[in-house]
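# Architecture and fold: a report
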Amino acid sequence: MREPGVLVRRIEKATPADREREVDGLRAIAILGVVFGHWIVTGVSAGADHWQTDSPLRHLPDYAPLTWLLQPLAVFFLVGGYVAARSWARADGYRRWARRRMIRLGRPIAALLVAWTAVMAVLADFVAGDTLHTVGRLVVSPLWFVLVYAGLTALTPLVVRLGRAAPVLAVGTVLVVDLTRFAADGPAVVGWVNVLAGWLVPYSLGVLWAGPHRARIERLGGSPAVVGGLACAGLIRYGGYPVSMVGVPGESISNLNPPTLAAVAFGLAQCGLALLVRAPLRRALGRRPRTWAVVALVNLSAMTVFLWHQSAMLAVTWLGIALGGLPGLGTAPVDLPWIVARIGWMPVFAGVLLGLWAVFHRWEAGGRGPGDSRRSS
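Residues numbered from 1 in each chain as written. Predicted model: local features only at pLDDT ≥ 70, side-chain atom pairs only at ≥ 80, totals over all residues. Heavy atoms only, no water.

### What about the overall build of the chain?
The condition is simple: Working definition: helices are DSSP H or I runs of at least four residues, strands are E runs of at least two. Numbering for both runs from the N terminus. Only protein chains enter the accessibility calculation, which uses a 1.4 Å probe; a residue is then buried when its area is under 20% of its type maximum, exposed when over 50%, and partly exposed in between. A 1.4 Å probe and the Shrake-Rupley method give the accessible areas. Residues count as covered only by the protein chains that appear here. We score Asp and Glu as negative and Lys and Arg as positive, and we do not count His or the chain ends. Charged side chains are reduced to one point each, which is NZ for Lys, CZ for Arg, CG for Asp and CD for Glu.
In terms of helices and strands, the chain carries 17 helices and two strands. By its C-alpha atoms, the chain is 60 × 60 × 45 Å across when sized along the principal axes. Expressed as a percentage of its 377 residues, the buried residues of the chain come to 50%. As displayed, the chain offers around 17600 Å² of accessible surface, 66% of which is attributable to carbon and sulfur atoms. Taking the average location of the 36 positive side-chain charges in the chain and that of its 19 negative ones, the two points are 12 Å from each other.

Here it is as structure tokens:
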């Protein structure tokens, strides 16, 4: 076996002995899962007179169950609640604590908006307005996630005080909203209450995981996985919810925008699985320094990776469109060969994302080095 490289050894040495590597591992899996999921289901093509977006799921509905592997957002909110609660327990006052966390989230957002404002100003003289709209919508699309995460972070002290009542109230709210929307034919705008309530479910479970009920929550791992999975399957089979766990163009109901009761049940199953794998994941990351180095680097700038992943896809797509369209790139996602070809482009997307990360991760890192335990706070 080759000796670990200099960077790997540096990260391993900088990692505190009590570092909860499984928490970082779960966060890295969630972020990278979302990134690769978006890259697979987001197709951009030239269209008749401007760039337009489409999804292979609209043309291949039989593959919708695969989205159950491509939407691990609940795991990120689970970890986010855990980390925020641990940090709040050590805080020296709400205002200072919240300010630090909002600045940490705000810096990478500022980098994205400043850079893309300049790019769009240049492109405005050469590119059709509808194309600019398509590009801009994809660039800022990750911001909804960060804004929801910031809102839940700000509510952490309240969630801590609510304790075990928090996830119950959140699930109840989602249930009432869905009944209002679908059973009572209420206004669709009511559904947006679930943007906060739906993601509060895994977030509040993370808060409980960090508190005095930690051992009990960890022992429950298998139960939420089974209950959530069965509930999700039942809601899809008998409740009329879509199979896809991501939005599909043309569908009247989306499980994600805003979250539905089926999405909450699905997220509960994901949280249960995350709790089940935490122990073996911790052991694996402790034995594999190279894997841990990747996880640590992703965690140092998780928001940068998330915010810039669509920009990386767009940059490569521009090349494909400039060349007249290539399989899986710059062409309409209408068949299975497109998906196969798109998977082949993943290393190229990742390479461009790595370049963007090299330029912009400093805005998020704030001078901390790999393995710094403060990054989990």
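Next comes the rest of the account.
### Some points on the environment of A358
Mapped onto the secondary structure, A358 falls in helix 16 (residues 336-360). Considered as a pair, A358 and T304 are 54 residues apart in the sequence and their alpha carbons are 9.9 Å apart.

### Brief notes about the pattern of salt bridges
Pairing between side chains of opposite charge can happen when the charged atoms of each approach one another. To keep things clear, this is the line we draw: For salt bridges, the criterion is a side-chain nitrogen of Lys or Arg within 4 Å of an Asp or Glu carboxyl oxygen.
Under the counting rule described, the total for this entry stands at 12 salt bridges. E20 is paired through a salt bridge with R214; the nearest N and O atoms lie 2.7 Å apart. Of the two residues, E20 sits in the loop between helix 1 (6-14) and helix 2 (21-41) while R214 sits in helix 11 (residues 214-219), which places them 194 residues apart along the sequence. Look at R214 and you get partly exposed, because its relative accessible area is 24%. As a salt-bridge pair, R96 and D92 come within 3.1 Å of each other at their nearest N and O atoms. It is possible to trace a salt-bridge network through shared partners that takes in E20, R86, R214, E218 and R278.

### With respect to helix 2
It helps to recall that an α-helix has 3.6 residues per turn; residues three or four apart then point in one direction. Going by this rule: Multiplying one less than the number of residues by 1.5 Å gives the expected span of a helix.
Between its first and last C-alpha, helix 2 extends 30 Å over 21 residues, near the 30 Å set by a 1.5 Å rise per residue. Of all 21 residues in helix 2, 17 are buried; the element is thus mostly enclosed.

### So, helix 9 (residues 165-183)
Counted only if it meets this: Contact criterion: two residues are considered in contact whenever any of their non-hydrogen atoms come within 4.5 Å of each other.
Spanning 19 residues, helix 9 covers 26 Å between terminal C-alpha atoms, matching the ideal 27 Å at 1.5 Å per step. For helix 9, the secondary structure elements touched by its buried residues are helix 8 (156-162), helix 10 (193-210) and helix 13 (261-287).

### With respect to the packing of aromatic side chains
Note the cut-off: Note on aromatic pairs: the rings of Phe, Tyr and Trp (six-membered ring only in Trp) are paired at centre separations within 6.5 Å, and the planes decide the class, stacked below 30 degrees, edge-to-face beyond 60, tilted for the rest. Lysine and arginine charges are scored as sitting over a ring when NZ or CZ, respectively, is within 6 Å of the ring centre and within 35 degrees of the ring normal.
A complete count under the given rule lists 17 aromatic pairs for this structure. Between F77 and Y149, the aromatic rings sit 6.1 Å apart at their centres with planes inclined by 55°, giving tilted as the arrangement. Residue F77 is found in helix 4 (residues 73-89), and its partner Y149 is found in helix 7 (residues 143-154); the two are separated by 72 residues along the sequence. For the pair F77 and W199, a centre-to-centre distance of 5.0 Å together with 20° between the ring planes defines the contact as stacked. Pair noted here: F77 is in helix 4 and W199 is in helix 10, with a separation of 122 residues, a long-range link. Sitting over the face of the ring of W292, R21 holds its NZ or CZ atom 4.8 Å from the ring centroid.

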